[in-house]
Amino acid sequence: RKEVEQDPGPFNVPEGATVAFNCTYSNSASQSFFWYRQDCRKEPKLLMSVYSSGNEDGRFTAQLNRASQYISLLIRDSKLSDSATYLCVVRSSNDYKLSFGAGTTVTVRA
Amino acid sequence: DVKVTQSSRYLVKRTGEKVFLECVQDMDHENMFWYRQDPGLGLRLIYFSYDVKMKEKGDIPEGYSVSREKKERFSLILESASTNQTSMYLCASSFRRINEKLFFGSGTQLSVL
């Protein structure tokens, strides 16, 4: 079983719509959670960290559910520029390595 | 802003060749990493380094080696390239030992024929 699993999508949504997707992780000892964004043919960049209480950054909201071992990302009022692949990243407390999901692709259409 | 520079954007090599991928970061980061990214598999860690001359194996080190002679430079070496090493290679660096924010280079697409 993969350490981090994501629905690959693609999620095709119109501008202004809300889109949400999850990521599940297998290691219950995981301590830190992140969403990275990767544009087509570009390198990944940190979008936001995910805190236990949930957190927002503008139109983006991240949630953590430890009991069910998943994190989520919600994008409100989607923009064309939100089209990208979103990578779920998890760090175990046992080491310093990060585990990456394969990504969820979001396409926002005009 | 942090800059992580990879020496080549595209590289084509033949099976059996020795291949060097170079990575340089300009922010005095302690940690440096090499990942490969393949469709459907996500990023997989090959090797990482927390200090000069120090290296640790990641999840898929077979067929690769690394060198970190200077803090700013981390090289990935394919001793004898094979077709299954055709992939996108991404170098990354981070400041703290707990590597939460990674800064990535723009990647090297390596094709082994």
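Residues numbered from 1 in each chain as written. Chains lettered and ligands numbered in written order. Predicted model: local features only at pLDDT ≥ 70, side-chain atom pairs only at ≥ 80, totals over all residues. Heavy atoms only, no water.

We now examine the side chain of glutamate 43 of chain A. In this fold, glutamate 43 of chain A is placed in the loop between β4 (30-38) and β5 (44-50). Although buried, glutamate 43 of chain A forms no salt bridge, and the nearest oppositely charged side chain, lysine 45 of chain A, lies 4.2 Å from it. The contacts of glutamate 43 of chain A, once residues within four sequence positions are left out, are Arg37 and Gln38 of chain A together with Leu90, Phe104, Gly105 and Ser106 of chain B. (Helix = DSSP H or I, 4+ residues; strand = E, 2+ residues; numbered from the N terminus. Buried < 20%, exposed > 50% of the residue type's maximum accessible area, 1.4 Å probe, protein only. Lys, Arg positive; Asp, Glu negative; His and termini not counted. Salt bridge = Lys/Arg side-chain N within 4 Å of Asp/Glu carboxyl O. Contact = heavy atoms within 4.5 Å.)

Turning our attention to the state of the cysteines. Structurally, a disulfide amounts to a covalent bond that connects the sulfur atoms of two cysteines. All names here are of chain B. Evaluated as defined, the whole model comprises two disulfides over all chains. Between the sulfur of cysteine 23 and that of cysteine 91 lies a disulfide, 1.9 Å long from S to S. The disulfide joining cysteine 23 to cysteine 91 has a torsion of about -75° about its S-S bond and is therefore left-handed. Linking cysteine 23 in strand β4 (residues 23-25) with cysteine 91 in strand β10 (residues 87-94), this pair joins segments that are 68 residues apart in sequence. The same class applies to cysteine 23 as to cysteine 91, namely buried. (Disulfide = S-S within 2.5 Å.)

Another point: the interface of chain B and chain A. Listed by partner, the interface residues are 21 residues for chain B and 17 residues for chain A. Linking chain B with chain A are zero salt bridges. On the surface where chain B and chain A come into contact, there are four residue pairs in polar contact (both at pLDDT 80 or more). Where the side of chain B that touches chain A is concerned, the elements lending two or more residues are β5 (31-38) and β6 (42-49) of chain B. The element contributing the most residues to the side of chain B that touches chain A is β6 of chain B, with four residues. (Polar contact = N/O pair within 3.5 Å; in protein donor to acceptor, adjacent residues only side chain to side chain.)

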